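# Structural features, examined
Single-letter residue listing:
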Amino acid sequence: MTKTSMEKINAFRDERHWRPFHNEKDLALSISLEASELLELFQWKTAEEGVQDIERVKEELADVLIYSYMMADNLDLDIDEIINEKLIKNAEKYPAPKD
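Everything in this summary refers to the structure shown in the same document.

The next subject is the packing of helix 2 (residues 24–40) against helix 4 (residues 54–74). The contact between helix 2 and helix 4 brings their axes to 9 Å, and the two run at 165°. The angle between helix 2 and helix 4 places the two elements in the roughly antiparallel class. Helix 2 and helix 4 meet at a crossing whose hand is left-handed. Taken together, the residues of helix 4 that come into contact with helix 2 (itself represented by Glu24, Leu27, Ala28, Ser30, Ile31, Glu34, Ala35, Glu37 and Leu38) are Val57, Glu60, Leu61, Asp63, Val64, Tyr67, Ser68, Met70, Met71 and Asn74. Partitioned by chemical class, the residues of the contact of helix 2 with helix 4 number 11 nonpolar, 3 polar and 5 charged.

Moving on to a nonpolar patch on the surface. Taken together, the side chains of Leu75, Leu77, Ile82, Ile83 and Leu87 make up a nonpolar region of the molecular surface, amounting to roughly 420 Å² of accessible area. Tracing the backbone shows Leu75 in the loop between helix 4 and helix 5 (79–93). Residue Leu75 is classed as partly exposed on the basis of its relative accessible area of 43%.

With that out of the way, let us pick up unusual backbone geometry. Although it is not a glycine, His17 adopts a positive phi angle of roughly 60°. On the secondary structure map, His17 appears in the loop between helix 1 (5–15) and helix 2. Phi angles above zero are rare outside glycine, and Asp76 is one such case at about 55°. By the secondary structure assignment, Asp76 is in the loop between helix 4 and helix 5.

Thresholds, definitions, all that
Residues numbered from 1 in each chain as written. Predicted model: local features only at pLDDT ≥ 70, side-chain atom pairs only at ≥ 80, totals over all residues. Heavy atoms only, no water. Axes fitted to C-alpha atoms, helices over the stretch in contact; angles between N-to-C directions. Helix = DSSP H or I, 4+ residues; strand = E, 2+ residues; numbered from the N terminus. Parallel < 35°, antiparallel > 145°, perpendicular 65-115°, else oblique. Left-handed = near helix turned anticlockwise from the far one by under 90°. Contact = heavy atoms within 4.5 Å. Nonpolar A, V, L, I, M, F, W, Y, C, P; charged D, E, K, R; others polar. Patch = residues over 30% accessible without salt bridge, like charges linked within 9 Å, V, L, I, M, F, W, Y side chains within 5 Å. Areas by Shrake-Rupley, 256 points an atom, 1.4 Å probe, with all protein chains shown as cover. Salt bridge = Lys/Arg side-chain N within 4 Å of Asp/Glu carboxyl O. Buried < 20%, exposed > 50% of the residue type's maximum accessible area, 1.4 Å probe, protein only.

Right, dumping it as structure tokens:
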């Protein structure tokens, strides 16, 4: 059986005994810090210039996602469910134009 991304993330964390450090506050801080590192890749550049080092973009985006997955897991939230709920709210707030 193939492990899910969440199972792989948790296994990585647990093998290093990092679970005590991954509370919701610290995960929220880490999400923000990693998002800042992603943003830094685009500072003073065009969008095209920012993605020239796509490996760095992938690494920083992965860090943001990993911490986000960990926070959702800590709070027993289903990622697909919370995204779907948010998309519904966004659709109500920002309806598509009627052509």
